[in-house]
Amino acid sequence: DAGVIQSPRHEVTEMGQEVTLRCKPISGHNSLFWYRQTMMRGLELLIYFNNNVPIDDSGMPEDRFSAKMPNASFSTLKIQPSEPRDSAVYFCASTTRGGGDSRSGANVLTFGAGSRLTVL
Amino acid sequence: GEDVEQSLFLSVREGDSSVINCTYTDSSSTYLYWYKQEPGAGLQLLTYIFSNMDMKQDQRLTVLLNKKDKHLSLRIADTQTGDSAIYFCADLGGSYIPTFGRGTSLIVHP
């Protein structure tokens, strides 16, 4: 498996523009997480999905942020309109919860390489 | 909410042992993890320990868990420059969502 695939790896945009980040989880994983990493706040959980359904979005900072998971192999995180304070590295991670894998009970997350967003 | 704390920086000399410490607050934690993040990359699982264990060893890595004090440590023996990275402690509590610490930047100098 190619692992968790995120795109784009780098995005530079201007304030007010819409940003869409994409994630392809590992095939067979049924839980997907979006995190944001900054120097100031560390790693923050934004939202997570279980079986494509959003379970907890309490970490989404504002209404400008939205996330979708239309199917088991794709998720998006959208910021509209973007602001300079949204500049961060955004990570997607997936795992199998309740599956037959011996590690699934341990809820081990596999992370993507991240999308570095810079909003000017 | 539940919290995971770890120091932000650790500097060691190449060849020495590194010990990265972590404390957590969730008394219902079932698993505790160490992830490693290299520059420009995502987090990768290094090792994890089930809460009914107090030690786990994997080559140069030794994880110690003191459940009473809610303290987890990661010891890296014979630290190499390639071990320079950010190390994240995380725990899995009743919510089944891992809670991550802020990460400890390990700097290995010659």
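What comes next is a walk through the structure. All of these numbers come straight from a predicted model, not from anything done at the bench. (Residues numbered from 1 in each chain as written. Chains lettered and ligands numbered in written order. Predicted model: local features only at pLDDT ≥ 70, side-chain atom pairs only at ≥ 80, totals over all residues. Heavy atoms only, no water.)

Moving on, we come to the pattern of salt bridges. Residues and elements named next belong to chain B. The tally for this structure, following the rule as stated, stands at 11 salt bridges over all chains. Residues R60 and D83 are paired through a salt bridge, measuring 2.9 Å at the closest nitrogen-oxygen approach. Of this pair, R60 sits in the loop between β6 (55-58) and β7 (61-66) while D83 sits in the loop between β8 (71-76) and β9 (85-92), and the two are 23 residues apart along the sequence. Residue classification places R60 among the partly exposed positions, given a relative accessible area of 32%. Look at D83 and you get buried, because its relative accessible area is 7%. Residue D69 is joined to K68 by a salt bridge in which the shortest nitrogen-to-oxygen separation is 3.6 Å. (Salt bridge = Lys/Arg side-chain N within 4 Å of Asp/Glu carboxyl O. Helix = DSSP H or I, 4+ residues; strand = E, 2+ residues; numbered from the N terminus. Buried < 20%, exposed > 50% of the residue type's maximum accessible area, 1.4 Å probe, protein only.)

Another aspect to go through is the interface of chain A and chain B. Residue-level contacts link 23 residues of chain A with 17 residues of chain B. The largest contributions to the chain A side of the interface with chain B come from L43, A106 and F111 of chain A, which together make up 27% of the buried area. Counting across the chain A and chain B interface gives zero salt bridges. There are five residue pairs in polar contact (both at pLDDT 80 or more) connecting chain A and chain B. Listed by contribution, the elements that provide at least two residues to the side of chain A that touches chain B are β4 (31-38) and β5 (42-50) of chain A. (Contact = heavy atoms within 4.5 Å. Buried area = accessible area lost by both parts, 1.4 Å probe. Polar contact = N/O pair within 3.5 Å; in protein donor to acceptor, adjacent residues only side chain to side chain.)

To continue, consider the pairing of strand β3 (residues 18-24) of chain B. Residue and element names in this part refer to chain B. Burial of β3 is one-sided: the residues S18, I20, C22 and Y24 facing one way are buried, the residues V19, N21 and T23 facing the other way are not. Bridge analysis of strand β1 (residues 4-6) against β3 gives three bridges, and the strand direction is antiparallel. Within the sheet, the bridge partner assigned to V4 lies in β3 and is Y24. Across six bridges, the pairing between β3 and β8 is antiparallel. Counted as the bridge partner of C22 is L72 from β8. (Pairing = 2+ DSSP bridges.)

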